[in-house]
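For reference, the chains in residue letters:
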Amino acid sequence: NLQIVDTVVIVNGANAHDFGEAPTGDANDDNLVTLLDFSILSATFNAATDIRADFNGDGVVTLLDFSLLSTNFNTAGEVPGP
């Protein structure tokens with residue numbers, strides 16, 4: 001998943017924050033969805049040998065995972081500011 005950055009204010013008592021659903025497609029954990037991620041997906045397509053490309057978590061790399069990668073292709077996750 002791509003990184004999501006958000007500012008959260010913590011107060012006394014219970015604190016909850018919903019970051020939403022993180023964009024997926026980053027198989028090599030570099031916070032980018034690129035050809036490298038597609039390469040990992042294509043090398044393990046129709047197999048359960050490399051879970052890095054199993055973006056929907058069903059245990060096998062299929063067309064559904066390709067769809068998730070292609071939706072976010074050529075995007076980057078957020079980076080924390082100073």
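These numbers come from a predicted model, not from an experiment.

Calculation criteria
- Residues numbered from 1 in each chain as written.
- Predicted model: local features only at pLDDT ≥ 70, side-chain atom pairs only at ≥ 80, totals over all residues.
- Heavy atoms only, no water.
- Helix = DSSP H or I, 4+ residues; strand = E, 2+ residues; numbered from the N terminus.
- Buried < 20%, exposed > 50% of the residue type's maximum accessible area, 1.4 Å probe, protein only.
- Contact = heavy atoms within 4.5 Å.
- Salt bridge = Lys/Arg side-chain N within 4 Å of Asp/Glu carboxyl O.
- Phe/Tyr/Trp six-rings, centres within 6.5 Å; stacked < 30°, edge-to-face > 60°.

1. Observations regarding unusual backbone geometry
Working step 1: The phi torsion at Asn-31 lies on the positive side, around 70°, for a residue other than glycine.
Working step 2: Counting through the fold element by element, Asn-31 comes out in the segment before helix H1 (35-43).
Working step 3: Looking at Asn-31, the relative accessible area reads 16%, which means it is buried.
Working step 4: One non-glycine residue with positive phi stands out, namely Asn-74, at about 70°.

2. Quick notes on the environment of Val-5
Working step 1: With respect to the element layout, Val-5 can be found in the segment before H1.
Working step 2: The spatial distance from the C-alpha of Val-5 to the C-alpha of Ile-51 is 25 Å, given a sequence separation of 46 residues.
Working step 3: Not counting residues up to four positions away in its chain, the partners in contact with Val-5 are Glu-78, Val-79 and Pro-80.

3. Considering the pattern of salt bridges
Working step 1: Under the counting rule described, the total for this entry stands at one salt bridge.
Working step 2: In this structure, Asp-50 engages Arg-52 in a salt bridge whose closest nitrogen and oxygen atoms are separated by 2.9 Å.
Working step 3: On the accessibility criterion, Arg-52 (44% relative accessible area) is partly exposed.

4. Brief notes about the packing of aromatic side chains
Working step 1: Under the counting rule described, the total for this entry stands at one aromatic pair.
Working step 2: Look at Phe-38 and Phe-66: their rings are 5.9 Å apart centre to centre, the planes differ by 65°, and that puts the pair in the edge-to-face class. Taken together, the residues Phe-38 in helix H1 and Phe-66 in helix H2 (residues 63-71) connect sequence positions 28 residues apart.
Working step 3: The class of Phe-38 is partly exposed, set by a relative accessible area of 31%.
Working step 4: A residue is classified by how much of its surface remains accessible, and Phe-66, at 32% relative accessible area, is partly exposed.

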